[in-house]
Amino acid sequence: MSTITYQAPLDPEGMVQTPQRPWRHKPRSFTMAVALAVVIPAVISAALFFFSPIPGAIVLTVIYFPLQLVASGIAAWATRGVRGIADSIIIVNAIGSTVFSVVVLLSLLGSLVVRGLRALSPHFIYQNSVFINPSTPLEYGGIGHALVGTILIVAIASLIAVPIGIATAVYITEVRGKAVPYVRFFVQAMSGVPSVVAGLFILTIAVSTGWFSQNALAGGLAYAILMLPTVARTAEEVLKLIPDELRTGALALGSTRARTVMRVVLPAAKTGIITAILLGIARVIGETAPLLLAAGNNDGTVINPFGQAIASIPVYIFNNVAVPYPDAVARAWGAALALMILIAVLFTLARVLGRGRVGRAK
Amino acid sequence: MFSRLVTGAAFTSLIVLAGIAIFLGVQAVSAFQTQGLDFIFSTGWDINTDPPTAGIWGMLYGSVLLAVIGLVIAVPVALMLSIFMVFIAPRKLSSVLTNLIDLLAAIPSVIIGLWAFYILNPPAEQWQQLLNQYLGWIPIFQNTSQNFSGTPFIAGLVLAIMMIPIITSISREVLSRTPPDLVNAAEALGCSLWTMLRYVALPYGRGGIVGGVMLGLGRALGETIAVFFVLKLTFETNWYHIIESGGGSIATLIVSRFGEVSGPEELNLLLAAGFFLFLGTIGVNIVANLIVNRTGRLQK
């Protein structure tokens, strides 16, 4: 209403019109055709699913999907001619693929929540598993020791991977040496190292040198290998966003290259660097294979990073999956839910911080 | 001083890669000394002989077979999904989907394995039974034992679920960078969605999509834990019976034998197997990155 009272004095003859967007106009026959093409196959398939003995998977693949293709093809042919048929096939397949992926994701998250909540409770977070065996009821025991282990291992990995990763990014964006393309290439190649190979590598060093055995340090080293490329690449993207005026300004004031980087460029990119670290942690925190090989497992809480084998959440899940005791399996789901929440928090933090950073750079 | 320090750190990735190649390569050499060429061309794992005899051909082949099954499922789904997100869906739905796909990519493989073991496995066994019942005359769907658990098909399906987010995110990005001028011009000339995709978007994004598929392949070859839970590891080469129980995978071999490793000789064999896994994945990954980088440069 307000727009009309505002427009009336300016345009008494009604010359100015709101845009009609004629290309948006869909004839009623088109809407009808689409509706029929959606409803008819669904109704037929639902009827077969509920009132015939044919298994659901066959109804879906042999009856519903081809029927949907044919119905959409006919609808497209009736409204748009022969050329519409190829479009309708693409659209049906595209929507089908999307539905498939979303169903898989929802099934994953849904089962995590439904089955994980049974085990999740305060003592599940802080107790360890010293006196726990697979048949112990859920009132006792938890992932406290695994949580401590994961935090310790991730901390060690970060202590190693973050400085090296940031230095790699600084080399690419600030030092800009001759080897930049090669460094980029090797960082990319390193991101392709499978996690199990990272674990094997640390294990080989441990076995062949005898410097250390399965412990938090070895686990942290294996994690660092996986974390480094993520930190380096994200930090590189972030440092590229820092305007050159800051660098030239600092250099013009007489500061050295090192001072420029340490006192001007890196502080300016602080939140972005934190994002890079968070993404690196989120990348590795769920990796199981390297810890299985390099860090081992333990039922008790271990704090000494150079001592004996240490527990971690992924390995805790791993050991409780294929166990014939429902309570142990419930613990696996509970730990999986806790891990997923942890990862979701890390990603959300990284995204929130990342958004602030980009906003200020512009 | 500063720039030397930074330059040194920048070459860490090279040092680590070389270190992996050398340390695992040494193990592979000593495995060849005890096993001969049979180590890669025969199939078997017997730790009771002295020295233990081992051949990883079935595992090497199995890794490739699983990856191929995964690709056959994942590539069409991921491609169609990215076409939906870029050219069909409204912008809001598209950004919601992007977040969902990123979330799928962030789920650790141990959780995917847990889900696959308890949620995906029971219906998947039924699907395979139906495949065998109605399409059993096709050689790949033969199953003589009527045991449908731990098959390459389920493992490939799980790998496909893990590859879909990787392939989708890269092909979505490549397709969305198709110059809007070209898309608009095609539509103004009367192209339908299909002809626009066929003659403008897909040729433009082809390199990037191939690179994304290869990145997914690299992940599938190296995937360990999720496959561990859904594949029954057998030391016989399962050539093409994809819904027959039993198959192989290098990465899974390492984890499943490591838990009960008998001694330094067997550990040496596992490390040597890891060397071939490293060679395969790093090779695929390097080629993939070269392709993706080249298309990235072309677009600038």
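Reference entry: report on the structure contained in this document. Everything numeric here is computed off the predicted structure, so don't read it as measured data.

What counts and what doesn't
Residues numbered from 1 in each chain as written. Chains lettered and ligands numbered in written order. Predicted model: local features only at pLDDT ≥ 70, side-chain atom pairs only at ≥ 80, totals over all residues. Heavy atoms only, no water. Helix = DSSP H or I, 4+ residues; strand = E, 2+ residues; numbered from the N terminus. Rg over C-alpha atoms; globule rule 2.2 N^0.38 Å. Buried < 20%, exposed > 50% of the residue type's maximum accessible area, 1.4 Å probe, protein only. Areas by Shrake-Rupley, 256 points an atom, 1.4 Å probe, with all protein chains shown as cover. Lys, Arg positive; Asp, Glu negative; His and termini not counted. Charge placed at Lys NZ, Arg CZ, Asp CG, Glu CD. Contact = heavy atoms within 4.5 Å. Buried area = accessible area lost by both parts, 1.4 Å probe. Salt bridge = Lys/Arg side-chain N within 4 Å of Asp/Glu carboxyl O. Polar contact = N/O pair within 3.5 Å; in protein donor to acceptor, adjacent residues only side chain to side chain. Nonpolar A, V, L, I, M, F, W, Y, C, P; charged D, E, K, R; others polar.

## Thoughts on the overall build of chain A
Logical step 1: Counting its regular elements, chain A contains 15 helices and zero strands.
Logical step 2: Over its C-alpha trace chain A gives a radius of gyration of 29 Å, far above what one expects of a compact globule, namely 21 Å for 362 residues.
Logical step 3: Each of the three principal axes of chain A carries a C-alpha extent, and together these read 80 × 70 × 45 Å.
Logical step 4: Relative to its 362 residues, chain A shows a buried fraction of 48%.
Logical step 5: A total accessible area of about 18100 Å² is found for chain A, and carbon and sulfur atoms account for 70% of it.
Logical step 6: Positive and negative charge centroids in chain A, built from 25 and 12 side chains respectively, lie 4 Å apart.

## So, the interface of chain B and chain A
Logical step 1: Residue-level contacts link 75 residues of chain B with 79 residues of chain A.
Logical step 2: Summing both sides of the interface, chain B and chain A together bury roughly 6500 Å²; the carbon and sulfur share of this comes to 83%.
Logical step 3: The three residues of chain B that bury the most area against chain A are F2(B), L114(B) and W115(B), which together make up 10% of that side's buried surface.
Logical step 4: Inspection of the region where chain B meets chain A yields one salt bridge.
Logical step 5: One salt bridge connects R351(A) with D102(B), and the closest N-O pair in it is separated by 3.6 Å.
Logical step 6: Seen at the junction of chain B and chain A, the total is nine residue pairs in polar contact (both at pLDDT 80 or more).
Logical step 7: For the side of chain B that touches chain A, the class distribution of residues is 58 nonpolar, 16 polar and one charged.

## So, unusual backbone geometry
In most cases, non-glycine residues show a negative phi, while peptide bonds are predominantly trans.
Logical step 1: One non-glycine residue, R176(A), lies in positive phi territory at about 50°.
Logical step 2: Relative to the helices and strands, R176(A) resides in the loop between helix 6 (144–175) and helix 7 (180–190).

## A few points about the pattern of salt bridges
All names here are of chain A.
Logical step 1: Following the criterion strictly, the structure yields 12 salt bridges over all chains and no others.
Logical step 2: Put simply, E236 and K240 hold a salt bridge, and the shortest N to O gap is 3.2 Å. Within this pair, E236 and its partner K240 are both found in helix 9 (residues 216–240), separated by four residues, close to a single helical turn.
Logical step 3: Look at E236 and you get buried, because its relative accessible area is 6%.
Logical step 4: Looking at K240, the relative accessible area reads 45%, which means it is partly exposed.
Logical step 5: Residues joined by salt bridges that share partners form a network here, namely E174, R176, D244 and R247.

## Some words on the environment of I156(A)
Logical step 1: In this fold, I156(A) is placed in helix 6.
Logical step 2: With residues near it in sequence (within four places) discarded, I156(A) still touches A216(A), L217(A), G220(A) and P305(A).

## Describing the side chain of R257(B)
Logical step 1: Here R257(B) shows up in helix 11 (residues 250–258).
Logical step 2: In this view, R257(B) contacts W45(B), I47(B), F235(B), E266(B) and L270(B); residues no more than four positions away in its chain are not counted.

Such coordinate-based values are descriptive only and should not be taken to indicate function.
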